[in-house]
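What follows is the residue order along each chain.
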Amino acid sequence: MNLTLLIQTFDKVFIDRLSLGSSLAKRLMFLFPSESIEVVDNRPFSDSDGHLTVEEFDRSKKNLFITPFKGKFFKRCPGARPGLACCNYFVLNWGLQCDMNCSYCYLQSFINTPVLTIYSNLDKALSELQSFTQSLGNQPLRVGTGETVDSLSLDPLTLYSHDLIEFFRDKPNWTLEFKTKSDKVEQFLDCEHAGNVVVSWSINACDVIKKEEHGTASLEARLSAAEKCKNNGFPVAFHIDPMVWHENWKQGYSNLVKQITERFCPKDMPYISVGALRFQPEQRHMMRERFGMNSFVTRAEMFKSPDGKLRYHQDIRKEMFEFLTRAFKAASPDWRLFLCMETPETWLASTGSLPQKKQELETLFDPRLIKKHQKSLKPSTDA
Ligand code: SF4
């Protein structure tokens, strides 16, 4: 892990005066050169609030803003919306925006704050989470941190993984998931954990990573980071998401399955989730302006689905999901795959049944747990 390179990614660190006493602010003031730090009373670039231009969006990735979060941290996964099959997942957002740059990134339709924001009050998030212990008792709960910010790409700066791992250590029925496209794991490998911290990678065919996932770790770097986690007793998982159609997609995804199944066993990971390219129609313009037309994503023919997102035609999604499932099952029938952010119709067309009916996935999709949690939590924004 090269902390210096990560520090050099940023032009400036703005620290809200209200965050000055936080351990995050103190750490960043120690790590960054003093000329990069500015203490502010208001969010920087506030004249850009609202719809960001391409230049403002790009600038937002280069500047950090440390501030306390005033709302509720803990939210239900967007897959909980009507019309999508939900896997009983909850999100804890400790930041907003990402230092990497994927062409299809949904943050392009979502971010309206002009600076990469990290909340300095993780302790408040953990208190909120602690309050669920009373209502849920020993019920299982899955929590992920990688929705509006990558779980680990900034972790060498924040070290939030340490607080989160420690918090989950005495909650063995709960699962914490770090989801990342980085290879930044060294900083928490030595942390004592209860075996309930899943480190997961959004992973893709090599050509898709090279062409569409700018600034992310290579496939090899992600796989070897996953091996390090596995060797330190952390369960690992992969999200093959978004599958992107391109000329050699079958070759690319076959190679990916080969690499995963040669280096990992089904028992190493509770599941592999799979999703196909999707995005909000309003982000297409920004994607094309930022990445041009020489991209598998910006050139793709997409159709509006009932949830309003643009997706490949259902026949293509079905073909891709079936292809991937066959490839994994050929390696071992024990691999557990589920479709992420997909409609029940696609589950039926691609797998022959709804997720709740699949024995190997029933704990992920148990409708009784989903209903119980639905009462106390609201869906988050998107993914
Ligand atoms: S890693 Fe995730 S959050 Fe970051 S740019 Fe890529 S898709 Fe967006």
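None of these values were measured; they are calculated from a predicted model.

A. Highlighting the confidence of the model for the protein. Scored by pLDDT, the protein has a mean of 88; 84% of the residues are at 70 or more. Scored below 50 in pLDDT, residues 367-374 makes 6 contacts in the model with residues more than four places away or belonging to other chains.

B. Region of the structure containing the site of the ligand. Lining the immediate environment of the ligand, one finds C98, M100, N101, C102, C105, L107, D150, K181 and T216. In terms of residue class, the shell around the ligand is made up of 5 nonpolar, 2 polar and 2 charged.

C. Quick look at the packing of helix α9 (residues 249-263) against helix α11 (residues 314-331). Put simply, α9 and α11 touch, their axes get as near as 10 Å, and they point 30° apart. By the criterion of interaxial angle, the relationship of α9 to α11 is roughly parallel. When you trace α9 past α11, the crossing you get is right-handed. Residue-level inspection shows K250, Y253, S254, V257 and T261 of α9 in contact with α11, the latter providing F323, L324, A327, F328 and A331. The residue makeup of the contact of α9 with α11, split by class, is 7 nonpolar, 2 polar and 1 charged.

D. Representation of the environment of Y271 in the model. Within the fold, Y271 resides in the loop between α9 and β14 (272-276). Exposure remark for Y271: the 22 C-beta atoms within 10 Å place this residue in the buried category.

Definitions and cut-offs
- Residues numbered from 1 in each chain as written.
- Predicted model: local features only at pLDDT ≥ 70, side-chain atom pairs only at ≥ 80, totals over all residues.
- pLDDT = per-residue confidence, 0-100.
- Contact = placed C-beta atoms within 7 Å.
- Near = placed C-beta within 6 Å.
- Nonpolar A, V, L, I, M, F, W, Y, C, P; charged D, E, K, R; others polar.
- Axes fitted to C-alpha atoms, helices over the stretch in contact; angles between N-to-C directions.
- Helix = DSSP H or I, 4+ residues; strand = E, 2+ residues; numbered from the N terminus.
- Parallel < 35°, antiparallel > 145°, perpendicular 65-115°, else oblique.
- Left-handed = near helix turned anticlockwise from the far one by under 90°.
- Buried ≥ 20, exposed ≤ 12 C-beta atoms within 10 Å, placed from the backbone.

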